[in-house]
Amino acid sequence: MPEIHTRPARPVRPAVLADEAALGELDRSTWSTLHAVMPKPQPPYAPFFDDRHRPEDILVAEVEKVSGAVCLAGYLRLVPPTPLACNAHVRQIQGLAVADWARGRGVARTLLRAAVAAARSDGANRMTLRVLGHNAPARALYESEGFAVEGVLPGEFFLGGRYVDDVMMGRSLAP
């Protein structure tokens, strides 16, 4: 495992088409029933970007290795939850992944804070997300960043041989 600096090499940025291969690899390498409800990806892999997953919806965090090389360390997908005008004030996190080698270095927290700033600058005043009930590390991170549980769908998913709750969380974006 290469040593890396613990700070992002540059500010979180929107993804670009050139990130597709790295984002696809990150998505596949971090797949786990701890957070994924879709089956494990198998070749041939679908493209990372498509009509519902556009580069402009993805925030990317990069980290600098000791060698000076910049590596993609994580991403967050931030979108309006529906196309309806009546909830255009809401942004929803629909994906957050951090490379195994970058965990514990503040990458997810940096992405969350950048998402809050991006949503505010886009005119949103509320942010929501869904997280699996057994994903204690993610739930703790979200709570530490101001998210609160707003609803639970008990046993909504059957993953890894057991029923898992779907937890809805949200927070105000008011300063």
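Refer to the structure above for everything that follows.
Read on for an overview of the structure.

### Some thoughts on the packing of aromatic side chains
Point 1. Taken as a whole and assessed by the stated rule, the structure comprises four aromatic pairs.
Point 2. Considering the side-chain rings of Phe48 and Phe49, the 5.3 Å spacing of their centres and the 80° angle between planes classify their relative orientation as edge-to-face.
Point 3. Residue Phe48 is classed as buried on the basis of its relative accessible area, which comes to 12%.
Point 4. Here Phe48 and Tyr75 contribute two aromatic rings whose centre-to-centre distance is 5.3 Å and whose plane-to-plane angle is 85°, an arrangement assigned as edge-to-face. A residue pair is termed long-range when its members are at least 10 positions apart, and Phe48 in the loop between α1 (20-29) and β3 (58-65) and Tyr75 in strand β4 (residues 70-79) qualify at 27 residues. The two residues Phe48 and Tyr75 agree in class, both being buried.
Point 5. An aromatic cluster is built from Phe48, Phe49 and Tyr75, whose rings are joined through pairwise contacts.
Point 6. Here the guanidinium or amino end of Arg28 rests over the ring plane of Tyr45, the centre of that ring lying 4.0 Å away.

### With respect to the pattern of salt bridges
Pairing between side chains of opposite charge can happen when their charged atoms approach one another.
Point 1. Throughout the structure, instances matching the rule amount to eleven salt bridges.
Point 2. Here Arg109 and Glu145 are joined by a salt bridge, their closest N and O atoms 2.4 Å apart. With a gap of 36 residues between them, Arg109 in helix α2 (residues 107-121) and Glu145 in the loop between α3 (136-144) and β7 (148-159) connect regions that are remote in the sequence.
Point 3. You can call Arg109 partly exposed: its relative accessible area is 30%.
Point 4. Note on Glu145: relative accessible area 11%, which makes it buried.
Point 5. A salt bridge links Asp166 to Arg130, with the nearest nitrogen and oxygen atoms 2.2 Å apart.

### Some words on the side chain of Asp19
Point 1. Along the polypeptide, Asp19 turns up in the loop between β2 (13-14) and α1.
Point 2. Overall, the relative accessible area of 9% leaves Asp19 in the buried class.
Point 3. Reaching out from Asp19, the side chain makes a polar contact with the side chain of Arg13 at a distance of 2.7 Å.
Point 4. The residues contacting Asp19, other than those within four sequence positions of it, are Arg13, Val60 and Leu72.

### Focus: the nonpolar core
Point 1. Ranked by internal contacts, the top residues of the largest apolar core, which has 38 residues, are Leu23, Ile58, Ile93, Val107, Met127, Tyr142 and Phe147.
Point 2. Listed by contribution, the elements that provide at least two residues to this core are α1, β3, β4, β5 (90-98), α2, β6 (126-132), α3 and β8 (162-172).
Point 3. Among the elements that make up this core, the one with the highest residue count is α2 (seven residues).
Point 4. What Phe147 contacts, discounting residues up to four positions off in sequence, is Ile93, Leu112, Met127, Leu129, Tyr142, Met169, Gly170 and Arg171.

### Structural notes on the environment of Gly160
Point 1. Take Gly160: it is sitting in the loop between β7 and β8.
Point 2. According to the relative accessible area criterion, Gly160 is exposed, its value standing at 73%.
Point 3. Residues Gly160 and Leu34, 126 residues apart in the sequence, show an inter-C-alpha distance of 9.1 Å.

### Comments concerning α3
Point 1. Here α3 has its buried residues at Ala138, Leu141 and Tyr142. Buried residues of α3 fall within an arc of 95° about the axis and therefore sit on the same side.
Point 2. Summarising the contacts, the buried residues of α3 are in contact with β5, α2, β6 and β8.

### Regarding unusual backbone geometry
Point 1. Residues Pro43 and Pro44 are joined by a peptide bond in cis, for which omega reads -5°.
Point 2. Along the chain, Pro44 falls in the loop between α1 and β3.

Rules and cut-offs
Residues numbered from 1 in each chain as written. Predicted model: local features only at pLDDT ≥ 70, side-chain atom pairs only at ≥ 80, totals over all residues. Heavy atoms only, no water. Phe/Tyr/Trp six-rings, centres within 6.5 Å; stacked < 30°, edge-to-face > 60°. Buried < 20%, exposed > 50% of the residue type's maximum accessible area, 1.4 Å probe, protein only. Helix = DSSP H or I, 4+ residues; strand = E, 2+ residues; numbered from the N terminus. Lys NZ or Arg CZ within 6 Å of the ring centre and 35° of its normal. Salt bridge = Lys/Arg side-chain N within 4 Å of Asp/Glu carboxyl O. Polar contact = N/O pair within 3.5 Å; in protein donor to acceptor, adjacent residues only side chain to side chain. Contact = heavy atoms within 4.5 Å. Core = buried A, V, L, I, M, F, W, Y, C linked by side-chain atoms within 4.5 Å. Arc of directions from axis to C-beta.

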